[in-house]
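Residue-level structural notes
The chain contents come next:
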Amino acid sequence: MTPRQWNKLQHSATGNRNARGPSLLIAYWNKGSSYLVNKKLDISTVIAKHKPDILGLGEANFKPSHSMNDSLQDGYTLHLGPGLDSLGVARVAAYTRDGLVVKHRRDLEGGKVCTLWLQVGLPNKPATLVMFGYRQWQLPGPVEGSGTVPAQLERWLVILEQWERALKERRETICMMDANIDCLTWTTEDLPSHHSSNRLRPLSQALFTRILPLGVVQLVTCATRAECGVSETGLDHLYSNSPDKLAEVKAEFTGMSDHKIISIRKFTKDMKRT
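These figures come from a predicted structure and were not determined experimentally.

1. Some remarks on the side chain of Lys31
Here Lys31 lies in the loop between β1 (23-30) and α2 (40-50). Glu59 provides the closest opposite charge to the buried, unpaired Lys31, separated from it by 6.7 Å. The residues contacting Lys31, other than those within four sequence positions of it, are Leu36, Lys39, Gly58, Glu59, Ala60, Asn61, Met256 and Ser257.

Right, here's the structure in full:
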């Protein structure tokens, strides 16, 4: 395909980028179980390659004994999710490019759940609510009983309640997270009883009944996690209540984690989808 043919194809698929106004590239990556301070080089590599305006990290694993300076990236501001006090570790973090207008919405956070809420925008442009999350199978420790399905559902309902409060503000809202719920099989009926999508059906049903009816769409349709000897799963999700302002989702493995990096370009105006 010649460059001219490629440009024509992209224009027909996504329209004229200039006509849709400025944009933000938002990405999410579950970097794995290592500490944030030990992944500085890998994160630098991701930033250099993808050049995100906002990069959210699942399993950030930043502890009170760690130094913020050891995890900073040039040209970016580091934001830590809650958990340092309640869980003894921040499981979610985000980097925002310098020059953005950013407000950490701690009023939307709380409970023993790993969500980081930011209100982000370009100067003189409407702000967007962005949530990065990591749904834990069980609490650090581990805490006895925290891995049972009823305990997981209790924490999941806290996340949904935060989400509902955010949506009531009638802002564009984007949520990216390692939900640890397989979106490839969550509506499949004939699953064995031990399958995770079968066991976690109460969590997916709560999402279907409380969040999706509010105009929210889940946009990741491919496998996002793969490891040797195990079926691929779609654990990393991207939700939006304004999908017409988003380009197509991109997902790719880096070789530095068994999770793909999920990225999306958000425009200030609606885009024509084909």
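So much for the structure itself; the text now carries on.
2. Brief notes about the pattern of salt bridges
Summed over the entire model, instances satisfying the criterion amount to 12 salt bridges. Between Glu169 and Arg171 there is a salt bridge whose closest N-O contact spans 3.3 Å. Here Lys266 ties to Glu172 by a salt bridge, and the two come within 3.4 Å at their closest N and O atoms. Within this pair, whereas Lys266 is found in strand β14 (residues 261-267), its partner Glu172 is found in the loop between α3 (149-167) and β8 (173-178), the two being separated by 94 residues in sequence. For Glu172, a relative accessible area of 10% translates into the label buried. A single salt-bridge network, built from bridges that share partners, covers Arg105, Asp107, Glu169 and Arg171.

3. Section: the state of the cysteines
Every disulfide links exactly two cysteines, by a covalent bond between their sulfur atoms. Counted under the stated rule, the structure contains 0 disulfides. The closest cysteine sulfur to the non-disulfide-bonded Cys175 is located on Cys114, 15 Å from its own sulfur. Owing to a relative accessible area of 0%, Cys175 belongs among the buried residues under this scheme. Cysteine Cys228 is unpaired, with the sulfur of Cys222 as its nearest cysteine sulfur at 20 Å. According to the relative accessible area criterion, Cys228 is exposed, its value standing at 81%.

4. What about the layout of surface pockets?
Looking at the second largest pocket, its volume works out to about 390 Å³. Lining the second largest pocket are 24 residues; nearest its centre among them are Trp137, Asn180, Arg225, Thr233 and Leu235. Of all the secondary structure elements, the ones that give two or more residues to the lining of the second largest pocket are β10 (225-227) and β11 (230-233). Tallying contributions element by element places β11 first for the lining of the second largest pocket, with 4 residues.

Cut-offs applied
- Residues numbered from 1 in each chain as written.
- Predicted model: local features only at pLDDT ≥ 70, side-chain atom pairs only at ≥ 80, totals over all residues.
- Heavy atoms only, no water.
- Helix = DSSP H or I, 4+ residues; strand = E, 2+ residues; numbered from the N terminus.
- Buried < 20%, exposed > 50% of the residue type's maximum accessible area, 1.4 Å probe, protein only.
- Lys, Arg positive; Asp, Glu negative; His and termini not counted.
- Salt bridge = Lys/Arg side-chain N within 4 Å of Asp/Glu carboxyl O.
- Contact = heavy atoms within 4.5 Å.
- Disulfide = S-S within 2.5 Å.
- 1 Å grid on protein atoms, 1.4 Å probe; cavity = no way out; pocket = protein on both sides within 12 Å on 5 of 7 lines; lining within 4 Å.
- Points joined across faces, edges and corners; volume = space filled by probe spheres on them.

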